[in-house]
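Observations on the model geometry
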Number of protein chains: 2
Amino acid sequence: MNTLSVTGGRVLRGDLALEFSDVLIDVEKGVILEVGKSLRGDEEIDARGGLVIPGLVNAHTHIAMTLLRGYSDDKPLDKWLKEDIWPIESHLTPEDVYIGSQLALVELIKSGTTTFCDMYFHMSEVARATDTSGMRAVLGQGVVTVGKKKNDAYSDAEKGLEFAEEYNGFADGRIKTAFMPHSINTVDLEYFEEHIPRARAMGIPIHIHANETLEDVEKTIKLHGMRPIELAAECNILTSGDFAAHCVHVDSNEIDILASNGIGVVHCPASNMKLASGIAPIQKLQDAGVTIGLGTDGAASNNDLDLFGEMRDAAMVGKLSAKSASAVNATSVVSMATVGGAKILDIPAGRVEPGLVADLAVLGLEAAHLTPVRKCVDLLVYAAKGSDVVHTICDGKVLMKDKEILTLDESKIIATASACADDLNGRIGNKRVI
Amino acid sequence: MNTLSVTGGRVLRGDLALEFSDVLIDVEKGVILEVGKSLRGDEEIDARGGLVIPGLVNAHTHIAMTLLRGYSDDKPLDKWLKEDIWPIESHLTPEDVYIGSQLALVELIKSGTTTFCDMYFHMSEVARATDTSGMRAVLGQGVVTVGKKKNDAYSDAEKGLEFAEEYNGFADGRIKTAFMPHSINTVDLEYFEEHIPRARAMGIPIHIHANETLEDVEKTIKLHGMRPIELAAECNILTSGDFAAHCVHVDSNEIDILASNGIGVVHCPASNMKLASGIAPIQKLQDAGVTIGLGTDGAASNNDLDLFGEMRDAAMVGKLSAKSASAVNATSVVSMATVGGAKILDIPAGRVEPGLVADLAVLGLEAAHLTPVRKCVDLLVYAAKGSDVVHTICDGKVLMKDKEILTLDESKIIATASACADDLNGRIGNKRVI
């Protein structure tokens, strides 16, 4: 057995941190063997002076959109999509998606994320890039049928299932798949009716966007006479083990449905603020017992993939929207970014505990903005940043050591992505603005 | 003449960035001489591949509160102050304030801030630490009289003026002072009446907290029959050149007063969210023509002093509260953190222009989360972090080069502050929680 130890750091366990403990890892199996004192592996990561946390889980994103970072800011969702994002996305080639994914993977690893859930297109490119990076992911081809010809719509839905079938278990099992119809309003009911039972037969979960904006909800009510989560439950679009992103505008009946049906919610506070969509009633969802994860959404509406920023946003805006400073506290936010996301994605991750997957991040604590160290969960949410992460480990393998990524060529990827974005700007006839 | 050049970077000018320009600085005078091509100084800072921005202005903070970082989180303002902050502050010695200030100065310089405005106590210690650091500041002893015996109250107000008189122009002119009664509800009107005219006679501005919470506003209405900004204008507590922090709960008449009287507002979005105080109507204040700066407030309610985080918060929550994604756009937010704050503090800073003070920060742009570079103001607000700052220059002197602070001993300060916070925890009988 080949082992790795992460030694001498404080280790986050639930709400508190164990002082100066070691984590012993089975590298082949990619699992945590033991957490305690005097554990030495064949190889060793020095975590002295640092804080060992579970690798963070970004439960809703579109990673290749890093290429569109800064392409359209300060616009509401509807115009942002129709005037800017969809037109530029129509120019994205499989190679662009690969390059944008690589850029994102660098950013994710650097900021301590070890698992992400991605909905986009040309998903085999995302899978290919993820495989090389060493990260863990749940991937799905986004399905949109509304506004398409029948053949194209059908083939889009088919592609969603084909990708899910082909790539489930890819990258030594680090990649799982899900069926991902974009949303209630962008997919015709007939495809939900035909393809969702087929996805369930494959044993994969369903992931959609839901109740992101008020307009979104009103449209569903107008078309179907009920609210999106009500319709999703009624039509078996979402059930236990499935998960919906956003859920900004959910009423109390929808909250009950989410809780009683075991449907997970991925909270994306930065995107919801930036597009002025609103803020999900997180404290109410928590009180109802809904499992909540945290997602950055794509980099065009955030504009980064740093889950530390997302944790801070979730806590800050959670208090604002609940009108209570004790709402959405630091502990609950760290849970969203770790165990919550892991539970939603059905991965035995999110805690530094024997038997769970060895997905970890180590933060350096010797920094002015992290001094003094009092309660570590508070420090993580209110003061730490992705740039404080020093080492990232996924599936027992070291992806980043001393801030250097070992699985990807960071400088080369940045240069390639930069050139690719320039080229893309040119393709759509835009002048690059600095 | 001794000159310094910052060469080869993109230089932010208003809304756009000039590609690959140099900035020439007169080191003795601490002013910018020229911005253009092929400018070489006696010494040179290499900014190739980077973005040169005006040094950021943190227009409302309490820097020594870094020692209280993480001491009380997830509590509303009233309980936070009365149960936690005021009791621990009563134990702070002048030496503690010096140590906390040093820790903050490291954090500020590292994140590209060159000027801050501080209201606290033992302010001569803040001045002493600031002097050594090379930073620029507007400092004032916070005055609180309510709840104190007459003699103590009077002496507190006197101290406010004495400090302002003694330290105005300190540190080669880098330190200016202001008279800082804490707020309408914490200072008795008689002290405003006696001491404010004396402050005006000294030619210094007045800075107070105003309209931070709804309770705050209601209390003033109950006691004085009018809202805080109305009372402040009526009693000449605030007039042209003065400035108020927070202004979360201001009505349209108060917005008119702020605009027509030339009273500046310092927006502190993170603190206002974290304490669930609410969000200032920034778009309305902007539309009315009020000068707006940005402040982190103290590190106990933020919990860091990174103005990049504050810019992001201001934009994000500004859109949310205005229910419009085009509200509080990136350009307006960068203005708040640069020219807005500089105007409020009456310092010829906030732009990279000949004749203005040579206060600059240089960000490294070669990072995944900053790729690709499109519009630089958007990048600054939505993707950049304090940790992207590589060099910081204030008053023509290099305070940080290649992420190493030249004026302060970072490691020693972190160790000292950490020990000091431990000691402080012990003094108040608290167990240190990790």
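Below you will find a few notes about this structure. (Residues numbered from 1 in each chain as written. Chains lettered and ligands numbered in written order. Predicted model: local features only at pLDDT ≥ 70, side-chain atom pairs only at ≥ 80, totals over all residues. Heavy atoms only, no water.)

A cis amide bond, omega 10 degrees, links asparagine 302 of chain A with the succeeding residue asparagine 303 of chain A. Among the secondary structure elements, asparagine 303 of chain A is positioned in the loop between strand 14 (292-294) and helix 11 (307-322). Proline 372 of chain B follows threonine 371 of chain B through a cis peptide bond whose omega is -5 degrees. With respect to the element layout, proline 372 of chain B can be found in the loop between strand 15 (360-364) and helix 13 (376-382). Phi at histidine 246 of chain A is positive, roughly 80 degrees, even though this residue is not glycine. Locating histidine 246 of chain A in the fold gives a position in strand 12 (residues 243-246). The phi dihedral of lysine 403 of chain A falls on the positive side, at around 70 degrees, and the residue is not glycine. (Helix = DSSP H or I, 4+ residues; strand = E, 2+ residues; numbered from the N terminus.)

With that settled, consider the layout of surface pockets. Rolled over the atoms, a probe with the dimensions of a water molecule shows which regions are left empty. Estimates place the volume of the second largest pocket at around 960 Å³. What lines the second largest pocket is a set of 40 residues, and nearest its centre among them are Ser387, Asp388 and Lys403 of chain A together with Ser387 and Lys403 of chain B. Sorting the residues of the lining of the second largest pocket by element identifies helix 2 (94-110) and strand 16 (389-394) of chain A together with helix 2 (94-110), strand 16 (389-394) and helix 14 (410-427) of chain B as the ones contributing at least two each. Counting residues per element, the lining of the second largest pocket draws most heavily on helix 14 of chain B, which supplies three residues. Of the residues assigned to the lining of the second largest pocket, the class counts are 11 nonpolar, 11 polar and 18 charged. (1 Å grid on protein atoms, 1.4 Å probe; cavity = no way out; pocket = protein on both sides within 12 Å on 5 of 7 lines; lining within 4 Å. Points joined across faces, edges and corners; volume = space filled by probe spheres on them. Nonpolar A, V, L, I, M, F, W, Y, C, P; charged D, E, K, R; others polar.)

Time to look at the packing of helix 2 of chain A against helix 3 (residues 123-133) of chain A. All names here are of chain A. Running from amino to carboxyl end, helix 2 crosses helix 3 at an angle of 35 degrees, the nearest separation of the two axes being 8 Å. In this structure, helix 2 crosses over helix 3, and the sense of that crossing is right-handed. Judged by residue contacts, Pro94, Glu95, Val97, Tyr98, Ser101, Gln102, Leu105 and Ile109 of helix 2 engage Glu125, Val126, Arg128, Ala129, Thr130, Thr132 and Ser133 from helix 3. Residues that form the contact of helix 2 with helix 3 fall into these classes: seven nonpolar, five polar and three charged. (Axes fitted to C-alpha atoms, helices over the stretch in contact; angles between N-to-C directions. Left-handed = near helix turned anticlockwise from the far one by under 90°. Contact = heavy atoms within 4.5 Å.)

Looking now at the relation of the copies chain B and chain A. Each copy of the sequence occupies a distinct position, and chain B is placed on chain A by a rotation of 180 degrees and an axial shift of 0.0 Å, giving an RMSD of 0.0 Å. The transformation just described matches what one would write down for a two-fold rotation axis. Residue serine 387 of chain B, judged by its C-alpha, is the member of chain B lying nearest the rotation axis, at 3.5 Å. When the interface residues of chain B are mapped onto chain A, 100% of them are again interface residues, pointing to one common binding face. (Least-squares fit on C-alpha atoms with pLDDT ≥ 70 in both.)

The subject of this paragraph is empty space enclosed by the protein. For the structure on display, the rule yields four cavities of 30 Å³ or more. By volume, the largest cavity is sized at about 200 Å³. For the lining of the largest cavity, a count of residues per class yields four nonpolar, four polar and 10 charged.

Attention now goes to the packing of aromatic side chains. Tallied over the full model, the rule gives seven aromatic pairs over all chains. Ring centres 6.5 Å apart and planes at 55 degrees place the aromatic pair tyrosine 154 of chain B and tyrosine 191 of chain B in the tilted group. In this pair, tyrosine 154 of chain B is assigned in helix 4 (residues 150-167) and tyrosine 191 of chain B in helix 5 (residues 189-201), connecting sequence segments 37 residues apart. By relative accessible area, which is 35% here, tyrosine 154 of chain B ends up partly exposed. Residues tyrosine 167 of chain B and phenylalanine 170 of chain B carry aromatic rings whose centres are separated by 4.8 Å and whose planes lie at 75 degrees to one another, so their mutual orientation is edge-to-face. Given the relative accessible area of 28%, phenylalanine 170 of chain B is considered partly exposed. Over the face of the ring belonging to tyrosine 98 of chain A we find arginine 128 of chain A, whose NZ or CZ atom lies 3.9 Å from the ring centre. The lysine or arginine in question, lysine 274 of chain A, covers the ring of tyrosine 382 of chain B, its NZ or CZ lying 4.6 Å from the ring centre. (Phe/Tyr/Trp six-rings, centres within 6.5 Å; stacked < 30°, edge-to-face > 60°. Buried < 20%, exposed > 50% of the residue type's maximum accessible area, 1.4 Å probe, protein only. Lys NZ or Arg CZ within 6 Å of the ring centre and 35° of its normal.)

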